[in-house]
Amino acid sequence: MTDRYAVFGHPIGHSKSPRIHAAFAEQTGEAIAYTAIEAPVADFAGAWRAFVAAGGRGANVTVPFKQEAFALAEVLSPRARLAGAVNTLMLGRDGKLYGDTTDGVGLVRDLEAHAAPLAGARVLLLGAGGASRGVIEPLLEAGVASLTVANRTVAKAEALAALFADKGEVSGCGFDDVAGPFDLVINATSASLAGDLPPLPAALFTAEGLAYDMMYAAEPTVFLRWAAEQGARSVDGLGMLIEQAAESFWLWRQVRPDTVPLRELLRSEL
Ligand code: NDP
């Protein structure tokens, strides 16, 4: 029987994950079926159990279920524990439910693919929500020298920075207190979704500075347009989406797909 995988979210209609995993399966010759499941907001666990009863082996989990997936998993990876969220579920051979998160490694792989400054870099992370929390440890592991978390709600930035204080030079502040220049500025707020730009000071980037927006769209986001005006190189989050998917695929199938062809294909379809 074909192994079944899915992405769970609410809403889930616009997810690119089925497209990405179908392409990975075709490329690698892995016989899997991958669908999108809109779980009821109040019953993620029930939707997961129904999926397993119908032959489900693993899943990606997106908004708003990453915390529910974290709670449901019987065995958590260290990186999922640190992120406080699970975006990848898999049934082990032992019958246990394993939870992991691949968002952080996805971001770092995409940054590496774009030759972003990482080792020794001064990094500014905008936003203190789930996406920010999931990428802090992978960025520190990639060797960044310092990480400033800036957020609209300052207390959330400070609390998030405190969580990682023993792992590296991490501090939290409000947008008003941001003091550049930075080698890398990552927008992990959802402001771009509404076409908003966090209030940022000019002279934010070093000469080789790079701006990264976790959001992606056919046109550059308002943040990336602003960064380009400041002279920074800019990259959106489409590659992060593809790289986190590739890591999930590897966790499930122990086969690593080539992400390069997918980058071009998905970009052309935006
Ligand atoms: P959360 O809802 O957990 O956090 C949202 C964050 O954005 C908070 O820090 C919030 O600040 C801030 N924010 C929202 N609106 C504004 C605004 N108008 N101005 C300034 N700050 C604002 O979201 P996530 O962390 O889960 O996701 C953040 C973004 O990252 C989303 O756009 C999401 O699509 C993207 N993402 C992309 C991925 C990819 O693979 N490319 C993977 C995961 C996420 P406050 O605390 O003050 O409310």
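Higher on the page you've got the structure.
Quick summary incoming for the structure in this document. What you see is a predicted model; the values in this text were computed from it and never measured. (Residues numbered from 1 in each chain as written. Predicted model: local features only at pLDDT ≥ 70, side-chain atom pairs only at ≥ 80, totals over all residues. Heavy atoms only, no water.)

## As for the sheet that holds strand 4 (residues 75–76)
- With mixed pairing, the six strands of this open sheet are ordered in space as 2-1-3-5-6-4. Here the strands that pair on one side only, and so sit at the sheet edges, are strand 2 (32–38) and strand 4.
- Where strand 1 (residues 3–9) meets strand 3 (residues 56–61), five bridges bridge the pair, whose relative direction is parallel. Looking across to strand 3, one finds that phenylalanine 8 is bridged to valine 61.
- The strands that helix 1 (residues 17–28) touches are strand 1, strand 2 and strand 3; relative to strand 2, the one it contacts most, it runs at about 175°. (Pairing = 2+ DSSP bridges. Helix = DSSP H or I, 4+ residues; strand = E, 2+ residues; numbered from the N terminus. Contact = heavy atoms within 4.5 Å. Axes fitted to C-alpha atoms, helices over the stretch in contact; angles between N-to-C directions.)

## Here we look at the site of the ligand
- Near the ligand, the surroundings consist of 18 residues, among which Ala128, Ala131, Asn151, Thr153 and Lys156 are the closest.
- Between the ligand and threonine 153, the relevant distance is 2.5 Å, taken from an oxygen atom to a side-chain nitrogen or oxygen of the residue.
- Mapped onto the shell around the ligand, the elements with two or more residues apiece are helix 6 (130–141) and helix 9 (238–253).
- Each residue belonging to the shell around the ligand can be placed in one class, and the counts come to seven nonpolar, eight polar and three charged. (Near = heavy atom within 4 Å. Polar contact = N/O pair within 3.5 Å; in protein donor to acceptor, adjacent residues only side chain to side chain. Nonpolar A, V, L, I, M, F, W, Y, C, P; charged D, E, K, R; others polar.)

Shape is all these values report; function is a separate question.
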